[in-house]
Amino acid sequence: MAEISTLGVIGAGQMGNGIAHVAALAGLDVVLVDVKAEAVEKARATIARNLDRQVSKGSIEAAAKDAALARIQGGTEMAALSDADIVIEAATEREDLKLSIFRQVVPLLKPDAILASNTSSISITRLAAVTDRPHRFIGMHFMNPVPVMKLVEIIRGIATDDETFAAVQQLAERMGKTTAVAQDFPAFIVNRVLVPMINEAVYALQEGVGDVRSIDAAMKLGAAHPMGPLELGDFIGLDTCLAIMRVLHEGMGDSKYRPSPLLVKHVEAGWLGRKSGRGFYDYSQNPPRPTR
């Protein structure tokens, strides 16, 4: 099993820059690619700011920050990934987009390069099938925010071989993560349990069981959750929550996974949560105010 020394990331958003951050801090050379040059620059600034925060807290040395930043290259051309030992796709949770990315990148990679997807719900087997290396394809689902959260779900597709699984598990541990191995069923482990809870909270709101503040307070104080489900939905992104519920509903064929119409309505309105400034809370105010 060849050691992984160069890691590519496709997508410089919240998840992609977090993956690049922890990989560079672990001593890997990182190539971060996005279709927008400004997204790459924004990602580099975010990584620098988050590393500064770690230095100020004493969790890393200033020299480690400087070395990590020096290991990260960025650009808009997928050809820059040609020397990567593993490429992790971290694009938006849309299957058509992910399939398009894999079709584009495969001809540019080394024959033995591993492909991974950070998908939080989509079939690894199905994504792998559009590549020339389903045996070297795997799911590597990081949690948000990546530099803080310790878990990585590792998901084997039906064709993923033992060597790829072992290499990726070793890589996750090198990046300071604890792994949970999930089977390739819709939404895997974390989101199979978590997102239906958020969806049920939206149903409770829709039906008038409680208002936003009451539902979140009930789960924080009554179930010791660090965030209420509606607050958490806003943090994840309501568009992402809806995409996961649709994957579950279609993949499992069970009405218990039907997305709440109120969740659908929020996404249609562009009220996606923190990233859009409004969801179940209005983030133009401090502290954020419930919108219902």
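This structure is a prediction, so every number in the text was calculated from the model and none was measured.

> Help me out: how do you make sense of the overall build of the chain in this one?
For the chain, the helix and strand inventory stands at eleven helices and ten strands. Relative to its length of 292 residues, the chain is compact, with a C-alpha radius of gyration of 19 Å against a globular reference of 19 Å. Residues classed as buried in the chain amount to 48% of the 292 residues present. For the chain, the proportion of contacts with a sequence separation of at least 24, taken over those separated by at least 6, is 65%. A total of about 13500 Å² of accessible surface is found on the chain, and carbon and sulfur atoms cover 53% of it. Side-chain charges of the chain comprise 31 positive and 34 negative groups, with the mean position of each set lying 5 Å from the other.

> Can you help me understand the environment of M245 in this one?
Tracing the sequence through the fold places M245 in helix 10 (residues 238-252). In sequence terms M245 and I154 are 91 residues apart; their C-alpha atoms lie 20 Å from each other.

> For this particular structure, what's the right way to read the packing of helix 8 (residues 212-222) against helix 9 (residues 229-236)?
Each pair of packed helices can be summarised by the angle the axes make with each other and by the distance between the axes. Contact pair helix 8 / helix 9: the axes reach a minimum separation of 7 Å and the direction vectors enclose 100°. Taken together, the axes of helix 8 and helix 9 lie roughly perpendicular to each other. On helix 9, the residues that touch V212, I215, D216, M219 and K220 of helix 8 are P229, L230 and E231.

> Please clarify how the UniProt feature "binding site: NAD(+)" (unreviewed entry) in the chain should be interpreted in this entry.
Sites flagged by UniProt as "binding site: NAD(+)" (unreviewed entry) map to G11, A12, G13, Q14, M15, G16, D34, E93, K98, S120, N144 and K275. Position of A12 relative to the elements: it lies in the loop between strand 1 (6-10) and helix 1 (14-25). Taking relative accessible area as the criterion, A12 reaches 6% and is therefore assigned buried. Beyond its immediate chain neighbours, meaning those up to four positions away, K98 contacts E89, A91, T92, E93, S117, T119, I122 and L127. Within polar-contact distance, the side chain of K98 engages the side chain of E89 at 2.4 Å.

> Looking at this model, I keep getting lost on the UniProt feature "domain: 3-hydroxyacyl-CoA dehydrogenase NAD binding" (unreviewed entry) in the chain. Mind explaining?
The UniProt entry lists residues 7-184 under the feature "domain: 3-hydroxyacyl-CoA dehydrogenase NAD binding" (unreviewed entry), expressed in the numbering used here. As a span, residues 7-184 carries 40% helix and 21% strand, and end to end its C-alpha atoms are 24 Å apart.

> How do you make sense of the sheet that holds strand 4 (residues 86-89) when you look at a structure like this?
Pairing between sheet strands relies on hydrogen bonds along the backbone, with the strands arranged either parallel or antiparallel. Strand order in the open sheet formed by eight strands is 3-2-1-4-5-6-7-8, with mixed pairing between adjacent strands. The sheet is open, and its two edges are formed by strand 3 (72-75) and strand 8 (178-182), each paired on a single side. Between one strand axis and the next, the sheet turns by 25° as a mean value, whatever way the strands run. Where strand 1 and strand 4 come together, four bridges link them in parallel fashion. Directly across from V9, in strand 4, lies its bridge partner I88.

> In this structure, what is going on with the domain arrangement of the chain? I would like to understand it.
Size of an interface, as often reported, equals the accessible area lost when the parts are brought together. Domain boundaries in the chain define domain 1 (6-183) and domain 2 (191-290). For domain 1 versus domain 2, the separation of C-alpha centres amounts to 27 Å. The interface of domain 1 with domain 2 comprises seven residues on the first partner and five residues on the second. Note on domain 1 versus domain 2: buried area summed over both sides is about 520 Å², and carbon and sulfur give 58% of it. Of all residues in domain 1, E93, S120 and S121 give up the largest surface area on contact with domain 2, accounting jointly for 57% of the area buried on that side. If you look at where domain 1 meets domain 2, you find zero salt bridges. Its residues assigned to classes, the side of domain 1 that touches domain 2 comprises two nonpolar, four polar and one charged.

> Explain the environment of T179 to me, please; I cannot follow it from the model alone.
Looking at the secondary structure, you find T179 in strand 8. When the C-alpha positions of T179 and V168 are compared, they lie 9.9 Å apart, and in sequence the two are eleven residues distant. Apart from the residues lying within four places of it in its own chain, the contact partners of T179 are L151, V152, I154, Q169 and A172. Of the polar contacts made by the side chain of T179, one reaches the side chain of Q169; its length is 3.1 Å.

> In this structure, what is going on with a positive patch on the surface? I would like to understand it.
On the surface, a cluster of positive charge is made up of K42, R49, R53 and K57. In this structure, R49 sits in helix 2 (residues 37-57). Judged by relative accessible area, which is 45%, R49 ranks as partly exposed.

Conventions adopted
Residues numbered from 1 in each chain as written. Predicted model: local features only at pLDDT ≥ 70, side-chain atom pairs only at ≥ 80, totals over all residues. Heavy atoms only, no water. Helix = DSSP H or I, 4+ residues; strand = E, 2+ residues; numbered from the N terminus. Rg over C-alpha atoms; globule rule 2.2 N^0.38 Å. Buried < 20%, exposed > 50% of the residue type's maximum accessible area, 1.4 Å probe, protein only. Contact = heavy atoms within 4.5 Å. Areas by Shrake-Rupley, 256 points an atom, 1.4 Å probe, with all protein chains shown as cover. Lys, Arg positive; Asp, Glu negative; His and termini not counted. Charge placed at Lys NZ, Arg CZ, Asp CG, Glu CD. Axes fitted to C-alpha atoms, helices over the stretch in contact; angles between N-to-C directions. Parallel < 35°, antiparallel > 145°, perpendicular 65-115°, else oblique. UniProt positions renumbered as here; feature names shortened; annotations may be inferred. Polar contact = N/O pair within 3.5 Å; in protein donor to acceptor, adjacent residues only side chain to side chain. Pairing = 2+ DSSP bridges. Domains from an automatic or database assignment. Buried area = accessible area lost by both parts, 1.4 Å probe. Salt bridge = Lys/Arg side-chain N within 4 Å of Asp/Glu carboxyl O. Nonpolar A, V, L, I, M, F, W, Y, C, P; charged D, E, K, R; others polar. Patch = residues over 30% accessible without salt bridge, like charges linked within 9 Å, V, L, I, M, F, W, Y side chains within 5 Å.

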